[in-house]
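# Chains, contacts and geometry: an overview
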Amino acid sequence: MKLRIITAIIALPLLILLIAKGSVLLFTLFICLLSFLGLIEYYQMALPERRAMSYLIAAAGGILPYFFMNRRWDILVISITFLTLVISTVLLFNFKDIKQVAAEAGIFVFGLIYIPLLLGYLVLCRAGSYGAYWIFLMLCIVMSGDSAAYFIGCKFGKHKLYPVVSPNKSIEGAIGGLVGSLAGAFIFRMLFFPELPVLLCGATAVVAGAFGQIGDLFESLIKRSCGVKDSGKIVPGHGGILDRLDSILFAAPVIWLASVILYFMVHNGV
């Protein structure tokens, strides 16, 4: 716990500075870096014997969020198509167990969707109206929900939420997490983001908070299927990059959708 706190004290101010003062390009490059590191962790968990190929696909896949910045959907689709062809060709002529080829191909292609494409929604949010506010709102929803779920689960948790995937999580903790997400969202709205309507704020907090918890469970499912406890060790006291991004990956599209709804409301006088 001490190491977790020290890491947070160092990393959190830097993250806040990047979001608040950094340019859209700098933020996008940061997301590309997270995508690369997340892909490395994912591929090393699922396919440790494919180390060289993992680094190649992760390096190429890490660039994908960049195309969200300028909404170059044509280049994004072409890039994913090209990477799929590369993955298929490499596996065709370099397979170890012919019965595992379909699974390996699926793991490589799914990684491109699971990490860089979902993180790309953060770039869309940051490049849009109220860009930094949406990123901070998402962090408040996810972090306050995660903290509330932990403490309420430890104090009152009696009924297991999904023991096969995450034996320590409880229904009480999950409900407490949603309450924490709501509280975090409304506090942030009151202090920094009054332009966000109350109903949209509440709906965003509940939906993003719920999907954040689903993202956490899904990453736990992946780790259990791969037989590992943490996705990596790059973040001292916190595990790997994916251990920190699991909730954000699933919450990001919800936050983007909320930003689109607010944009529509403002420009249509709703």
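Conventions used here
Residues numbered from 1 in each chain as written. Predicted model: local features only at pLDDT ≥ 70, side-chain atom pairs only at ≥ 80, totals over all residues. Heavy atoms only, no water. Helix = DSSP H or I, 4+ residues; strand = E, 2+ residues; numbered from the N terminus. Rg over C-alpha atoms; globule rule 2.2 N^0.38 Å. Buried < 20%, exposed > 50% of the residue type's maximum accessible area, 1.4 Å probe, protein only. Contact = heavy atoms within 4.5 Å. Areas by Shrake-Rupley, 256 points an atom, 1.4 Å probe, with all protein chains shown as cover. Phe/Tyr/Trp six-rings, centres within 6.5 Å; stacked < 30°, edge-to-face > 60°.

### Concerning the overall build of the protein chain
When its secondary structure is counted, the protein chain shows ten helices and two strands. Starting at the N terminus and walking to the C terminus, you meet the elements of the protein chain as α-α-α-α-α-α-α-β-β-α-α-α. In terms of overall size, the protein chain behaves like a compact globule, its C-alpha atoms giving a radius of gyration of 19 Å where 270 residues would be expected to give roughly 18 Å. The principal-axis extent of the C-alpha atoms belonging to the protein chain is close to 60 × 45 × 35 Å. Counting every position in the protein chain, which comprises 270 residues, the buried fraction comes to 44%. The contacts in the protein chain between residues at least 6 apart in sequence include a share of 71% that link residues at least 24 apart. As presented, the protein chain carries roughly 14100 Å² of accessible surface, and 72% of it is formed by carbon and sulfur atoms.

### A few points about the packing of aromatic side chains
The relative placement of two aromatic rings is captured by the distance of their centres and the angle of their planes. Under the definition given, this model contains 18 aromatic pairs. Among the aromatic residues, ring-to-ring pairing joins Tyr42, Tyr43, Phe108, Phe110, Tyr114, Phe218 and Phe250 into one connected group.

### Some remarks on unusual backbone geometry
Non-glycine residue Arg71 carries a positive phi angle of around 55°. Mapped onto the elements of the fold, Arg71 is located in the loop between helix 4 (66-69) and helix 5 (73-93). On the basis of relative accessibility, which here comes to 41%, the residue Arg71 falls in the partly exposed class. The phi angle at Tyr130 is positive, at roughly 55°, despite the residue not being glycine. As for its placement among the helices and strands, Tyr130 is situated in the loop between helix 6 (101-127) and helix 7 (131-156).

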